[in-house]
Every structure is written in structure tokens, then in C-alpha cells.
Amino acid sequence: MTTHREPLSSVLETIGETPLVRVHDSPDAVPVYAKLETFNPGASVKDRIGKHMLERMLERGDVGEGGTVVEPTAGNTGIGIAVAAKQLGLDAVFVVPERFSVEKQQLMRALGAEVVNTPSEDGMGFAIDRAHEIADELDDAVVPQQFSNPLNAEAHYETTAPEIDEALDGEVGAVVAGVGTGGTLMGTARYFRERDPDTCVVAVEPEGSAYREFLGEEVDHGAYKTEGIGTHDISRNELFDPDLVDDILTVPDRAVHEEMGRLAAEEGQLVASSAAANAIAAKRVAREVRDGDIDAPHDAVVTIFCDSSERYLSKGVYRSFEEWEG
Ligand code: PMP
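Residues numbered from 1 in each chain as written. Predicted model: local features only at pLDDT ≥ 70, side-chain atom pairs only at ≥ 80, totals over all residues.

**Overview of the site of the ligand**
Thinking step 1. If you check the shell around the ligand, you find 16 residues, and the closest are Gly180, Thr181, Gly228, Ser274 and Cys306.
Thinking step 2. For the shell around the ligand, the class distribution of residues is 5 nonpolar, 9 polar and 2 charged. (Near = placed C-beta within 6 Å. Nonpolar A, V, L, I, M, F, W, Y, C, P; charged D, E, K, R; others polar.)

Structural data, given as C-alpha cells:
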């Protein structure tokens, strides 16, 4: 792993090469490891796609220096894009449904971006349409659109997955990750399935989310507090490939809340709700591998800790379940 002891020329060089850390509350025989994406400069997994998408789009001429990136985002992608945008000579505008964390919106503004809010009840679909309207009104603007942009998954195929592979000397048995756009899981899954077609791949979503409709299941749509993963409209997602997943696990908010507290109190991990959902699901997969219910080529189960709980303190993540606003 790169130690970054040498002086670096820009914060962009600190993206990636994040630590892979054992989750202690997992079966001995089948360890669970989490990739700590909080170590990125924007403190989430989305710094990887911010850098990768903008660099590639500039190379391809989708946008020129001095142009604008407009992106509909729940927040972390905005922060990731904003970290990269200024360094690459681009302006950034983000369309964010109101309900998402105020900390994230403050960070996007601090990084020099403009934030346009849309009504929460109109959902992410409305924010996507609004982003395109804004881009159409500007001279040189591009909408990366993480929900349909293959560069999103490619960032993880080229960086996240090989880093995990190297850290575990190629002994990855299963990959478990929450799906927002699905970029993290799809890019990582594609890499490991190419190495070994038997690698187990499991998606994670909150109870109330509709990803299981991709598997032909009927789903009761409902609200959930877990932030950054799940969907209510699978037609908006062009990245998720159900053929690449063995299963989609559903995690209820109450268990997520409890696991967030446990990870902090017992493991020193100040990570947010999607990381807790991933930990729960990864431990479930590890038990099934141990019991022979899942036939994985190796023992290690890998998951992602996507961002930090500090980003959600105002939402009461460490208060009681009832007080957690989600
Ligand atoms: N966790 C958090 C906190 C996120 O912001 C996101 C992205 N929406 C994810 C998980 C899911 O990542 P992906 O979009 O790559 O599926």
C-alpha cells in the first residue's frame, strides 16, 4: 500500500489506497474485512468516482477546462466531484433533494460548488431532470450522471478492486456492498468475477428499497433512514446488472442503527449507516460461507465502509433509534 510519505502535488493524489481493516465481530474461520473509504480526502467512497469521471471526461473532451459539472447527488458524490473539480479547472453545481444531510451540503459549498435544492418529496428522479435542465442552460456543461455513467463502475474496477485483491493476496471469496448507484459493487464484482467466476457477489439494500425488483421479486416500497443506498425507482439505474449478483440482502433500519453504535463503541469505527448495513450483510454472508451454505472460492469476505458518521451527527445517528432522523 502507498504510504504517502513523499510530498504530493495535489489532494487528488491522496484518493484511494485506503486501508482494509478486519471487522472483529465476524467468524474466525471466515474473516470479514472492510475497506475504509473514510480515509479519502472528501471522506467517502465517492472521491474515487469524482476524480475518475472528471479526468476521463476532460480527456474525451466532454467538457473543457473552465466548463461546469452539474450532478444530481445525495451528497457524497457532490463532495467527491467538488474535491476534483477545482483542481481540474472546472466549476461544479449540485442538485440535492432537501432531505439529505446538511453537513454534506455545507461541505459542497465550502469546496466552491453551488448547491440547488429540490423538494424531498419529488425524489432523486426530479433532481436528475433538474440537473439536465441546468446544464442545458450553460455554455460548456456536462452531467456525469453517476446512475448511468459506466465511468462510475470503472473507477472501482480500476482502483478499489485491485487494491482489495492486492491486500488479500488474491484470496477474496465474497464481495458484499450496498447499492446506491451500484457503481461500487458492479465495478468491484466485475473485476473479481473476471479473476474467478465463482466469487460470491452480494448487494445490500435497506428494507423498503426496491433493488430486489431487478430479480423479479415484488417489493413493498417504504421509507428508510439508512442513507446513500437503496432506490424506489429501478428504471433510473442503468449500472446495476442483476447477472453479476448472487443475492440482494435487505437490512432493516433498526439493525443498522444498532450496528452503527456497536462499530463505534466496540471497534473504534466512526462509520455511517450504509457501512453498518454492509457490516451486517457481510457478517451474514461470512456465516453462510462458514456453514457451507455459500460456496465461495476463498474464505475472506470483503465489504466497504463508505463514509463517516460525523457527517450525520446533526441527524442524531448516535441518539436513540426514534431520535435518529435518517
Ligand atoms: N454509502 C453512501 C454513504 C453513499 O453516499 C453511497 C452512494 N450513494 C453508497 C453507499 C453507495 O455507493 P454506490 O453509488 O457506488 O452504489
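What follows continues from the structure just given.
**A look at the UniProt feature "domain: Tryptophan synthase beta chain-like PALP" (unreviewed entry) in the chain**
Thinking step 1. The feature "domain: Tryptophan synthase beta chain-like PALP" (unreviewed entry), as given by UniProt, occupies residues 12-307 in the numbering adopted here.
Thinking step 2. Span residues 12-307 is 39% helix and 18% strand, its end C-alpha atoms 18 Å apart. (UniProt positions renumbered as here; feature names shortened; annotations may be inferred. Helix = DSSP H or I, 4+ residues; strand = E, 2+ residues; numbered from the N terminus.)

**Regarding helix α1 (residues 46-60)**
Thinking step 1. Across its 15 residues, α1 extends 21 Å between first and last C-alpha, which sits within 8% of the 21 Å expected from 1.5 Å per residue.
Thinking step 2. Of all the residues in α1, the buried ones are Lys46, Asp47, Arg48, Ile49, Gly50, Lys51, His52, Met53, Leu54 and Met57.
Thinking step 3. Here the buried face of α1 lies against β3 (68-72), α2 (76-87), β6 (141-142), α5 (150-167) and α6 (183-195). (Expected span 1.5 Å × (residues − 1). Buried ≥ 20, exposed ≤ 12 C-beta atoms within 10 Å, placed from the backbone. Contact = placed C-beta atoms within 7 Å.)

**Comments concerning the domain arrangement of the chain**
Thinking step 1. Assigned domains within the chain: domain 1 (11-39 + 153-315) and domain 2 (46-142).
Thinking step 2. Computed from C-alpha coordinates alone, the two centres of domain 1 and domain 2 are separated by 24 Å.
Thinking step 3. In this complex, domain 1 contributes 20 residues to the contact, which on the side of domain 2 involves 18 residues.
Thinking step 4. In terms of residues, the side of domain 1 that touches domain 2 owes the most to one element, α5, which gives 5 residues.
Thinking step 5. Considered class by class, the residues forming the side of domain 1 that touches domain 2 number 5 nonpolar, 8 polar and 7 charged. (Domains from an automatic or database assignment.)

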